[in-house]
Amino acid sequence: MPRPGTDGLDRSSPELAEIIAQWLPLTYALNAINRSMGRDDLYPFVLTPAVQAKLSFVHDVIAAARPEEGGAAAASGRTS
């Protein structure tokens, strides 16, 4: 479920919330492995609500600019 931003408004997209929900456990595990070997964190960043709101904005802008499935590229037979 999307989390509200720092101003109380819901600014996170469901797609990005799912990406973050899958990313954070991976980073916790990678950091734990590195720490067990006496190494620094592999992913030393914290995704605060403000950072998540900014990532959500960028995600939504990119998603809106992406051509829709079955659009002109599909009609012309082009693939990526």
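Residues numbered from 1 in each chain as written. Predicted model: local features only at pLDDT ≥ 70, side-chain atom pairs only at ≥ 80, totals over all residues. Heavy atoms only, no water.

### Topic: helix α2 (residues 49–65)
Spanning 17 residues, α2 covers 24 Å between terminal C-alpha atoms, matching the ideal 24 Å at 1.5 Å per step. All of the buried residues in α2 are Gln52, Ala53, Ser56 and His59. Looking straight down α2, one finds its buried side chains confined to an arc of 125°; they lie on one side. Within α2, the exposed residues directed more than 90 degrees away from the buried face are Lys54, Phe57, Ile62 and Ala65. Lining the buried residues of α2 we find α1 (14–36). (Helix = DSSP H or I, 4+ residues; strand = E, 2+ residues; numbered from the N terminus. Expected span 1.5 Å × (residues − 1). Buried < 20%, exposed > 50% of the residue type's maximum accessible area, 1.4 Å probe, protein only. Arc of directions from axis to C-beta. Contact = heavy atoms within 4.5 Å.)

### With respect to the environment of Ala32
Tracing the backbone through its elements, the reader meets Ala32 in helix α1. Distance in space between the C-alpha atoms of Ala32 and Leu42 is 9.1 Å, their sequence separation being 10 residues.

### A look at the confidence of the model for the chain
If pLDDT is low for a region, its predicted coordinates should not be looked at in detail. With 71% of its residues at a pLDDT of 70 or more, the chain shows a mean pLDDT of 80. The spread of mean pLDDT over the elements of the chain runs between helix α3 (residues 72–76), the lowest at 52, and α1, the highest at 93. Confidence drops under a pLDDT of 50 for residues 1–9, and excluding neighbours within four residues, the segment shows 12 contacts in the predicted structure. (pLDDT = per-residue confidence, 0-100.)

### What about the pattern of salt bridges?
According to the stated counting rule, one finds one salt bridge in the structure shown. Residue Asp41 pairs with Arg35 through a salt bridge whose shortest N-O separation is 2.6 Å. (Salt bridge = Lys/Arg side-chain N within 4 Å of Asp/Glu carboxyl O.)

### Some words on the side chain of Asn31
Relative to the helices and strands, Asn31 resides in helix α1. The buried category is assigned to Asn31, whose relative accessible area is 6%.

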